[in-house]
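Residue-level structure breakdown
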Amino acid sequence: MVNTYIENCIKDWTPTHAKLAEMVLDKNGTVPLSQRYRALFSLKGMGDDIAVQIIGEALANPADSELFKHEVAYCLGQMGNKAAIPALIEAMATESLHDMVRHEAAESLGALSDPSVIPELEKYVNSSCQPLAETCVLALEKIKFDHSAEVQSADPSPKDRAYASIDPAPATTATKSVDELKIILCNPEVGLWKRYRAMFALRDIGTEEAVLALAEGMETDKTSALFRHEIGFIFGEMQHPASVPALARILANSEEESMVRHEAAEALGSVATPEVNGILALYINDAEPVVRDSCIVALDMFEHETSGEFQYAVIPEDESVPKSAELIAA
């Protein structure tokens, strides 16, 4: 099926849009996954409606890898462009998609924080897909927080943002010590929203003590793969060497959920200490496709982090690129 909007507008694309679309949509299956990731993040950085439409088409491709579609859904939320909402709602509703894709679509709806999506999120708060249900609860809490001065006043978000990402929950400012935050983080009786707020506060503190508290939360939790996977994502942001032992153990644990192992692998690639390359190489033939693909991407991230490259995204040269509507055929 061809995306009519893109087909009609392709003549107006810049060469950069067209080249990145060719890489991201990969109609012929010849572009390495690591290069598709880099092209995807280039489109994310562009952030315009054409970029959203191209990325949305990738999300709708049933033949694509679950890992890539999950990353596509993440990027749509981080772009801050509400033109992504229809594609995200459709992905969230598609039961044939991997849990991590549906979860990421819901989280991105929370990131865009448009109150119009509240009825859609409410449909899945009792879903049998636990990561999706939990994500919808968090997304609803985030939208409520974003649009209520009264709610914000009880525990405001930090005045200064330590990271550029749009988080699924703002860091708490009501509790400041690592010990107190760890108690909240590791208590399964505490609501997920409050545990997430403690999690992001520990991220922002950024010390080794905070890293070890997060690692304890990730390794001892038995209640929520979503919670554990989010700590893995945070470790990738922090790039702290103290997280490597825990991440390596989680990646090695074949009993752990694939969405958690995937996040551990990508975090290792981002931390990029010397031993990481050898750790990731052990799992490039893992039986779980999401883990296997994550290790391939993580090895490329490791190469980027250790190469001195200025940016992870790839920017095509400004050259004439064929703008065929074949690029958007699914």
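Residues numbered from 1 in each chain as written. Predicted model: local features only at pLDDT ≥ 70, side-chain atom pairs only at ≥ 80, totals over all residues. Heavy atoms only, no water.

Describing the overall build of the protein chain
- The secondary structure content of the protein chain amounts to 18 helices and 0 strands.
- At 19 Å, the protein chain has a C-alpha radius of gyration in line with the 20 Å of a compact globule built from 330 residues.
- Here the C-alpha coordinates of the protein chain stretch approximately 55 × 45 × 35 Å along the principal axes.
- Burial status across the protein chain gives 54% buried among its 330 residues.
- Within the protein chain, counting contacts between residues at least 6 apart in sequence, those at least 24 apart form 70% of the total.
- Of the roughly 14,400 Å² of accessible surface on the protein chain, a fraction of 51% belongs to carbon and sulfur atoms. (Helix = DSSP H or I, 4+ residues; strand = E, 2+ residues; numbered from the N terminus. Rg over C-alpha atoms; globule rule 2.2 N^0.38 Å. Buried < 20%, exposed > 50% of the residue type's maximum accessible area, 1.4 Å probe, protein only. Contact = heavy atoms within 4.5 Å. Areas by Shrake-Rupley, 256 points an atom, 1.4 Å probe, with all protein chains shown as cover.)

Observations regarding helix H11 (residues 178–185)
- Among the residues making up H11, those that are buried are Val178, Leu181, Ile184 and Leu185. Considered in projection along H11, the buried side chains sweep an arc of 125 degrees and stay on one side of the axis.
- Packing partners of the buried residues in H11 comprise helix H12 (192–205), helix H13 (208–220) and helix H14 (225–238). (Arc of directions from axis to C-beta.)

Some words on unusual backbone geometry
- If you check the backbone angles, Ser113 has positive phi at about 55 degrees while not being a glycine.
- Relative to the elements of secondary structure, Ser113 occurs in the loop between helix H7 (99–112) and helix H8 (118–122).
- Located in the positive-phi region is Ala272, a residue other than glycine, with phi close to 60 degrees.
- You can see Ala272 is positioned in the loop between helix H16 (258–271) and helix H17 (276–281).

What about the packing of aromatic side chains?
- Scanning all chains against the criterion turns up 5 aromatic pairs.
- Note on Phe145 and Trp193: the rings are 6.3 Å apart at their centroids and 55 degrees apart in plane angle, and the pair reads as tilted. With a gap of 48 residues between them, Phe145 in helix H9 (residues 130–146) and Trp193 in helix H12 connect regions that are remote in the sequence.
- By relative accessible area, Trp193 is classed as buried at 16%.
- Note on Tyr196 and Phe227: the rings are 6.5 Å apart at their centroids and 55 degrees apart in plane angle, and the pair reads as tilted. Taken together, the residues span a long stretch of sequence, with Tyr196 in helix H12 and Phe227 in helix H14 at a distance of 31 residues. Each member of the pair Tyr196 and Phe227 is classed as buried.
- Through successive ring pairs, a cluster of aromatic residues spans Tyr196, Phe200 and Phe227.
- It is Arg36 that lies over the ring of Phe68; its NZ or CZ is 4.0 Å from the centre.
- Across the ring face of Phe227, the terminal group of Arg195 is positioned such that the distance to the ring centre comes to 3.9 Å. (Phe/Tyr/Trp six-rings, centres within 6.5 Å; stacked < 30°, edge-to-face > 60°. Lys NZ or Arg CZ within 6 Å of the ring centre and 35° of its normal.)

Some points on the pattern of salt bridges
- In total, this model carries 17 salt bridges according to the counting rule given.
- Of the charged contacts, one joins Lys19 and Glu22 as a salt bridge, the two residues approaching to 3.5 Å between their closest N and O atoms. With Lys19 and Glu22 both in helix H2 (residues 15–25), this residue pair falls 3 residues apart, about one helical turn.
- For Asp167, the salt bridge goes to Arg203, with nearest N and O atoms at 2.8 Å. With Asp167 in the loop between helix H10 (149–154) and H11 and Arg203 in helix H12, the pair connects residues that are 36 residues apart, well separated along the chain. Residues Asp167 and Arg203 agree in their burial class; the two are buried.
- It is possible to trace a salt-bridge network through shared partners that takes in Asp167, Arg203, Asp204 and Glu237. (Salt bridge = Lys/Arg side-chain N within 4 Å of Asp/Glu carboxyl O.)

Points about empty space enclosed by the protein
- The tally for this structure, following the rule as stated, stands at 2 cavities of 30 Å³ or more.
- The volume enclosed by the largest cavity comes to roughly 50 Å³.
- Residue lining of the largest cavity: Glu107, Gly110, Ala111, Thr135, Leu138, Ala139, Lys142, Pro168, Tyr196 and Leu226, and that is the complete set.
- Only H7 and H9 provide two or more residues apiece to the lining of the largest cavity. (1 Å grid on protein atoms, 1.4 Å probe; cavity = no way out; pocket = protein on both sides within 12 Å on 5 of 7 lines; lining within 4 Å. Points joined across faces, edges and corners; volume = space filled by probe spheres on them.)

Some thoughts on the side chain of Asp300
- Turning to its location among the elements, Asp300 is positioned in helix H18 (residues 289–307).
- Judged by its relative accessible area of 9%, Asp300 falls in the buried class.
- In this structure the side chain of Asp300 is engaged in a polar contact, spanning 2.9 Å, whose partner is the side chain of Arg38. (Polar contact = N/O pair within 3.5 Å; in protein donor to acceptor, adjacent residues only side chain to side chain.)

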